[in-house]
Amino acid sequence: MNVSPGTRMHVLLTMVMVVCVVAGGACFGFACGGWTGAAVGAGTTGVGVGLGGFFHSQIAMDPLPDVQTDGALEGIADVVVLGVALYEAAVFPLIPGGVSDREQKARRTVAYRLAAYDGLPRAVRISAAGALEVIDEGLDKQRARTAVKELSLAVYDSRSGR
């Protein structure tokens, strides 16, 4: 069966939401009645979500007509901004010595891996590389903030199709 990426994403997000709702029901039941309450709460929310999914299954099975399927790339671009911003926060912490060298290296690695993703628009990758270069210098906090702001604007521009 050939399923579009948008439909797959919708089904995956629905499954995550179902798991979260059932876990929430179990936690609420546990708070009210211990382990028995947890079982009743999880079962009740599971049945409720299952019935809701059964009666509204057309949403997950039909491709959504007005939704573009490039939402995953937009999400990845947002994650690139987040990764670069976290790396910036590690290089310029609020409290001197607040971030260990190991954590800073880990955030740098993640930021570079995210920025190197081939599916990103070229403008976003170039802007991310520029921001990472400024942050790597570690000299000017204001310049680094400006570079991260330019990256977020590049992501916004790529979203609007400019």
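Note that the coordinates shown come from a computational prediction; the quantities given were computed from them, not determined experimentally.

Within the protein, the secondary structure is distributed over six helices and zero strands. From first element to last, N terminus to C terminus, the protein shows the α and β order α-α-α-α-α-α. When the 162 residues of the protein are sorted by exposure, 21% land in the buried category. Within the protein, contacts between residues at least 6 apart in sequence are counted, and of these 62% link residues at least 24 apart. With the model as given, the accessible surface of the protein reaches about 11,100 Å², and the carbon-plus-sulfur share is 65%.

The subject of this paragraph is the nonpolar core. Grouped together as the largest cluster of nonpolar side chains are 21 residues, with contacts concentrated most on Val80, Val84, Tyr87, Leu132, Ile135, Leu151 and Val155. Those elements giving two or more residues to this core turn out to be helix 3 (71-91), helix 4 (101-115), helix 5 (122-137) and helix 6 (141-159). With residues up to four places along the chain from it excluded, the contact list for Tyr87 reads Gln104, Arg107, Arg108, Ala111, Leu132, Ile135 and Asp136.

This part covers the confidence of the model for the protein. When the pLDDT values of the protein are averaged, the result is 82; 86% of them are 70 or greater. Element-level pLDDT for the protein is lowest in helix 2 (residues 58-61), with a mean of 52, against a maximum mean of 92 in helix 5.

Turning next to the environment of Ala131. In this fold, Ala131 is placed in helix 5. In sequence terms Ala131 and Arg145 are 14 residues apart; their C-alpha atoms lie 8.5 Å from each other. Sequence-distant contacts of Ala131, that is, excluding residues within four places in its chain, are made with Val84, Ala147 and Val148.

The next subject is the packing of helix 5 against helix 6. Their axes nearest at 9 Å, the elements helix 5 and helix 6 cross at an angle of 170°. By the angle between their axes, helix 5 is roughly antiparallel relative to helix 6. Contacts between helix 5 and helix 6 involve Ala123, Val124, Ser127, Ala128, Ala131, Val134, Ile135 and Glu137 on the former and, on the latter, Arg143, Ala144, Ala147, Val148, Glu150, Leu151, Ala154, Val155 and Ser158. Grouping the constituent residues of the contact of helix 5 with helix 6 by class yields twelve nonpolar, two polar and three charged.

Next up on the list: a nonpolar patch on the surface. On the surface, a cluster of nonpolar side chains totalling about 350 Å² of accessible area is made up of Met9, Leu12, Leu13 and Val16. Its location among the elements puts Leu13 in helix 1 (residues 5-55).

Attention now goes to the packing of helix 4 against helix 5. Axis separation between helix 4 and helix 5 bottoms out at 9 Å; the angle between their running directions is 160°. Relative to helix 5, the element helix 4 lies roughly antiparallel. The handedness of the crossing between helix 4 and helix 5 comes out as left-handed. In this structure, helix 4 contributes Arg108, Ala111, Tyr112 and Ala115 to the contact, and helix 5 contributes Arg125, Ala128, Leu132 and Asp136. Considered class by class, the residues forming the contact of helix 4 with helix 5 number five nonpolar, no polar and three charged.

Right, let's talk about the pattern of salt bridges for a bit. Inspection of the entire model under this criterion finds four salt bridges. In this structure, Arg125 engages Asp118 in a salt bridge whose closest nitrogen and oxygen atoms are separated by 3.6 Å. Relative accessible area serves as the criterion here: at 66%, Asp118 is assigned to the exposed category. Across the pair Arg143 and Glu137 runs a salt bridge whose closest N-O atoms are separated by 3.1 Å. Look at Glu137 and you get partly exposed, because its relative accessible area is 37%.

The terminal C-alpha atoms of helix 5, which comprises 16 residues, lie 23 Å apart, in line with the 22 Å expected from a rise of 1.5 Å per residue. The set of residues buried in helix 5 consists of Val124, Ser127, Ala128, Ala131, Leu132, Val134 and Ile135. Summarising the axial view, the buried residues of helix 5 lie within an arc of 160°, below the 170-degree limit, and thus occupy one face. Residues Arg122 and Glu133 are exposed on helix 5 and point more than 90 degrees away from its buried face. The first or second residue beyond helix 5 is Gly138, which carries a positive phi of 65°.

Cut-offs used in this document
Residues numbered from 1 in each chain as written. Predicted model: local features only at pLDDT ≥ 70, side-chain atom pairs only at ≥ 80, totals over all residues. Heavy atoms only, no water. Helix = DSSP H or I, 4+ residues; strand = E, 2+ residues; numbered from the N terminus. Buried < 20%, exposed > 50% of the residue type's maximum accessible area, 1.4 Å probe, protein only. Contact = heavy atoms within 4.5 Å. Areas by Shrake-Rupley, 256 points an atom, 1.4 Å probe, with all protein chains shown as cover. Core = buried A, V, L, I, M, F, W, Y, C linked by side-chain atoms within 4.5 Å. pLDDT = per-residue confidence, 0-100. Axes fitted to C-alpha atoms, helices over the stretch in contact; angles between N-to-C directions. Parallel < 35°, antiparallel > 145°, perpendicular 65-115°, else oblique. Nonpolar A, V, L, I, M, F, W, Y, C, P; charged D, E, K, R; others polar. Patch = residues over 30% accessible without salt bridge, like charges linked within 9 Å, V, L, I, M, F, W, Y side chains within 5 Å. Salt bridge = Lys/Arg side-chain N within 4 Å of Asp/Glu carboxyl O. Left-handed = near helix turned anticlockwise from the far one by under 90°. Expected span 1.5 Å × (residues − 1). Arc of directions from axis to C-beta.

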